[in-house]
Amino acid sequence: MKRVNHILRRAAALLLALCMVLLLAACSRGDDTTSRTKEDTRKPAGVAEETDLILPYSREEGVNPFTCTSLMNQAIMPLIYDGLYTINEHYEPSMSLVENSTVNGTTLMLTMNGERRFSDGSVITADDVVYSYNLAKNSTYYGGLLSGIREATAGGTTTVNFTLEKTNRYIAANLVFPIVKSGTADKADSVPVGSGKFVYKSHDAGGVLKKSDQYSEKYRADQIFLLNIPDEDTLFDSLNIDTVNAAVDDLSRGAQTYRIPEETEMPLNNLVYIGIRENGNLAEASVRQAMNAILERKTLIGSCLSGYADSSELPLNPEWYALEEVKTESMDRTKAKELLAEMLKDQTLKIVTLEENPFREQIASELARELSSAGVSCQVEALAPAVYKSAVNSGLYDLYVGEYRLPNDMDITGVLNDKQLQSSWEAVQRGSSTCEAFIKGFYKQMPFLTIGFRTGLLAYSTRVKSDVLPLPGNPYANVMDWKFG
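Quick caveat, the model's predicted, so the values are computed rather than measured.

A.B. asks: Which residues make up the overall build of the chain, and what are the values?
C.D. replies: Counting its secondary structure elements, the chain contains 12 helices and 17 strands. A burial count over the chain gives 51% of its 485 residues as buried. Counted over contacts in the chain with a minimum sequence separation of 6, partners at least 24 positions apart contribute 69%. A total accessible area of about 21,700 Å² is found for the chain, and carbon and sulfur atoms account for 47% of it.

In structure tokens form, the structure reads like this:
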């Protein structure tokens, strides 16, 4: 009886979610839902309530990786489409569709792996890579990863040449964008042909991912059902009633207010920092170093970021494989407070932050409290997104709470305004200098204050009894091995 009641509850929840989809569609497009109800409200054929895996997605947004923007859909893209490389938890790249690479100055030459095929059995060629690169370069999601690449050209059937903006020995970590068959991703509603572990098929209640014939490995989950979720606001309601088995949240709107069954951190590589306008006494490096010394990072992470971050004084992700062990020496805390009290006694520091973002607003308030304890007067202003952006770009602040998503290669030049530090970092990318040398220069100059690297969360059903191991850019990395209990 307990099992029957559970099945009935899930079926009812599924029916409710699908009715919401139909109602929204009818209101927005004036569709005749009568003829569609029978098809769209059926429970997915073949779903065994206790064993089959169901993930959320938006059917309306589709599975074209270059046009979809929701986190729900982006989370399933690595299951359908492979990149040239994959990265592990330390952002270290491994060849996926590539069998050889050669770097010569600003040219990266890749040779394709002749054993790899698209799901339809066709060979993956250099033209497919160039086609995919051009779409990814202009996409919202992948464009930032590819900003350091000027162009991609085919050097024959199996060779691809990437022209880089500057020499960068870590660039391979950014080549994780989806490779699709040329000509199959031209429209937003296209279902491109990929080479991932699964192939997408439209289904009655959403979609289904079928194991690709190109993979011989055995998975616990040979098929994954995709349930169409009307919007991300109802996503976690669906998880809590076990209509779907997992959901992701990048926490861009702050800590979750919903109840979740189980969760694990999802790596994001988002640098959270305090930007500093080097004017007046803030132009003195010693003052910025003193601010760095009084920051209570564990408090900021625990109370302001709800623990969803890894604290760090370093401007590079501490999980990065290429980061050597670096010894840092901060100013004595008591001395730092005395210096700040003396140097900033006649100033009121203006701290700007982003309104309606609880994380950043709380960081600004806590920063003001810490500076006040050192005798520094502060004024906090929470600004609307457009006003905040204008204020930061125009220098209408003394301090601001910022966040910057570093690419997988950790190229930090996007937040470095100091030419000497930019040059130092480029030397690291060329291989003519070390991360330690760059970080020592960073501490000497202290252009901003690092708080840490923010994370998101992957929430999942209590019925999942195996390890859940998300990777950067790939939340469902080991979903094929999930088992239910």
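That covers the picture; the talk isn't over yet.
A.B. asks: Give a description of the side chain of Ser70 that names residues and reports values.
C.D. replies: Tracing the backbone through its elements, the reader meets Ser70 in the loop between β1 (53–57) and α3 (71–80). A distance of 3.2 Å separates the side chain of Ser70 from the backbone nitrogen of Asn73, its partner in a polar contact.

A.B. asks: Please provide a residue-by-residue account of the packing of helix α6 (residues 285–294) against helix α12 (residues 435–445), values included.
C.D. replies: With their axes 7 Å apart at the nearest point, α6 and α12 run at an angle of 105 degrees to one another. What the angle tells us is that α6 and α12 run roughly perpendicular. When α6 is examined against α12, the residues Ala285, Arg288, Gln289 and Asn292 are found in contact with a partner set consisting of Tyr443, Lys444 and Gln445. Classifying every residue of the contact of α6 with α12 gives two nonpolar, three polar and two charged.

A.B. asks: Which residues make up the sheet that holds strand β4 (residues 98–104), and what are the values?
C.D. replies: The antiparallel open sheet is built from four strands, whose spatial order is β4-β5-β7-β6. Pairing within the sheet leaves two strands with one partner each, and these edge strands are β4 and β6 (149–154). Between one strand and the next, the sheet's axes are offset by a mean angle of 20 degrees, whatever the strand orientation. Here strand β5 (residues 107–112) runs beside strand β7 (residues 159–164); their pairing, made up of five bridges, is antiparallel.

A.B. asks: Outline α6, listing residues and values.
C.D. replies: Of all 10 residues in α6, seven are buried; the element is thus mostly enclosed. Residues of α6 that are buried: Val287, Arg288, Ala290, Met291, Asn292, Ala293 and Ile294.

A.B. asks: How would you summarise the pairing of strand β16 (residues 399–405) if you had to cite specific residues and measurements?
C.D. replies: With seven bridges joining them, strand β12 (residues 262–276) and β16 adopt antiparallel strand pairing. Bridge assignment links Ile276 to a residue of β16, and that residue is Leu399. Two strands pair when backbone bridges link them, and strand β14 (residues 348–354) and β16 are joined in this way by two bridges, in the parallel orientation. Bridging across to β16, Val352 finds its partner in Tyr400.

A.B. asks: Just give me the short version of a negative patch on the surface, but keep the residues and values in it.
C.D. replies: Together, Glu89, Glu262, Glu263, Glu265, Asp310 and Glu319 make up a region of like negative charge exposed at the surface. Residue contributions to the negative patch peak at three residues, all from β12. Mapped onto the fold, Glu89 is located in the loop between β2 (85–87) and β3 (93–95). The class for Glu89 is partly exposed, based on a relative accessible area of 45%.

A.B. asks: Lay out the sheet that holds β1 in plain terms, naming residues and giving numbers.
C.D. replies: If you walk across this open sheet you meet the four strands as β1-β10-β9-β8, and the pairing is mixed. Because the sheet does not close on itself, it has two edges, and the strands there are β1 and β8 (198–203). Each adjacent strand pair in this sheet contributes to an overall mean axis angle of 30 degrees, direction not counted. Here strand β9 (residues 206–211) runs beside strand β10 (residues 223–228); their pairing, made up of five bridges, is antiparallel. By the bridge assignment, Lys210 is partnered in β10 with Gln223.

A.B. asks: So what's going on with the side chain of Asn478? Which residues, and what values?
C.D. replies: Relative to the helices and strands, Asn478 resides in the segment after β17 (448–460). What makes Asn478 buried here is its relative accessible area of 13%. The contact partners of Asn478, leaving out residues within four places of it in the chain, are Asp467, Val468 and Leu469.

A.B. asks: Kindly report on the environment of Asn88, identifying the contributing residues and their values.
C.D. replies: Checked against the element boundaries, Asn88 lands in the loop between β2 and β3. Under the relative-accessibility criterion, Asn88 is labelled partly exposed at 23%. Spatially, the C-alpha atom of Asn88 lies 9.6 Å from that of Ala173, the residues being 85 residues apart in sequence. Of the polar contacts made by the side chain of Asn88, one reaches the backbone nitrogen of His90; its length is 2.8 Å. In this structure the side chain of Asn88 is engaged in a polar contact, spanning 3.0 Å, whose partner is the backbone nitrogen of Glu92.

A.B. asks: Describe in detail helix α10 (residues 385–394), supporting the description with residues and values.
C.D. replies: Within the span of α10, buried status applies to Tyr388, Ala391 and Val392. In a view along the axis of α10, the buried residues occupy a sector of 95 degrees, so they form one face of it. Turned more than 90 degrees off the buried face of α10, the exposed positions are Ala386, Lys389 and Asn393. On its buried face, α10 sits against β14, α9 (358–373), β15 (377–383) and β16. Count one or two residues on from α10 and you reach Gly395, which has phi positive near 75 degrees.

A.B. asks: Go over the nonpolar core, please, and point to the residues and values.
C.D. replies: In terms of nonpolar packing, the biggest core is built from 85 residues, with Leu316, Trp320, Leu340 and Leu371 touching the most fellow members. Aside from chain neighbours lying at most four places away, what touches Leu316 is Leu323, Met410, Ile412, Trp425, Cys435, Phe438, Ile439 and Phe453. Residues Ile171, Ala172, Leu226 and Val479 belong to the second largest nonpolar core, which totals 63 residues.

A.B. asks: Just give me the short version of the packing of aromatic side chains, but keep the residues and values in it.
C.D. replies: Across all of its chains, the model carries 17 aromatic pairs by this definition. Note on Phe438 and Phe442: the rings are 6.5 Å apart at their centroids and 40 degrees apart in plane angle, and the pair reads as tilted. Taken together, the positions of Phe438 and Phe442, both in helix α12 and four residues apart, correspond to about one turn of that helix. The burial state of Phe438 is the same as that of Phe442; both residues are buried. Taken together, the aromatic side chains of Tyr170, Tyr273, Trp320, Tyr321, Tyr397, Tyr400, Trp425, Phe438, Phe442, Tyr443 and Phe448 make up a single cluster linked through ring pairs. It is Lys211 that lies over the ring of Tyr219; its NZ or CZ is 4.8 Å from the centre. We note Arg405 situated over the ring of Tyr141; from NZ or CZ to the ring centre the distance is 5.3 Å.

A.B. asks: An account of the pairing of β10 is needed here, citing residue identities and associated values.
C.D. replies: Among the six residues in β10, five count as buried, and that is most of the element. Here β1 pairs with β10 via five bridges, running parallel. Of the residues in β10, the one forming a bridge with Pro56 is Leu227.

Conventions we followed
Residues numbered from 1 in each chain as written. Predicted model: local features only at pLDDT ≥ 70, side-chain atom pairs only at ≥ 80, totals over all residues. Heavy atoms only, no water. Helix = DSSP H or I, 4+ residues; strand = E, 2+ residues; numbered from the N terminus. Buried < 20%, exposed > 50% of the residue type's maximum accessible area, 1.4 Å probe, protein only. Contact = heavy atoms within 4.5 Å. Areas by Shrake-Rupley, 256 points an atom, 1.4 Å probe, with all protein chains shown as cover. Polar contact = N/O pair within 3.5 Å; in protein donor to acceptor, adjacent residues only side chain to side chain. Axes fitted to C-alpha atoms, helices over the stretch in contact; angles between N-to-C directions. Parallel < 35°, antiparallel > 145°, perpendicular 65-115°, else oblique. Nonpolar A, V, L, I, M, F, W, Y, C, P; charged D, E, K, R; others polar. Pairing = 2+ DSSP bridges. Patch = residues over 30% accessible without salt bridge, like charges linked within 9 Å, V, L, I, M, F, W, Y side chains within 5 Å. Salt bridge = Lys/Arg side-chain N within 4 Å of Asp/Glu carboxyl O. Lys, Arg positive; Asp, Glu negative; His and termini not counted. Charge placed at Lys NZ, Arg CZ, Asp CG, Glu CD. Arc of directions from axis to C-beta. Core = buried A, V, L, I, M, F, W, Y, C linked by side-chain atoms within 4.5 Å. Phe/Tyr/Trp six-rings, centres within 6.5 Å; stacked < 30°, edge-to-face > 60°. Lys NZ or Arg CZ within 6 Å of the ring centre and 35° of its normal.

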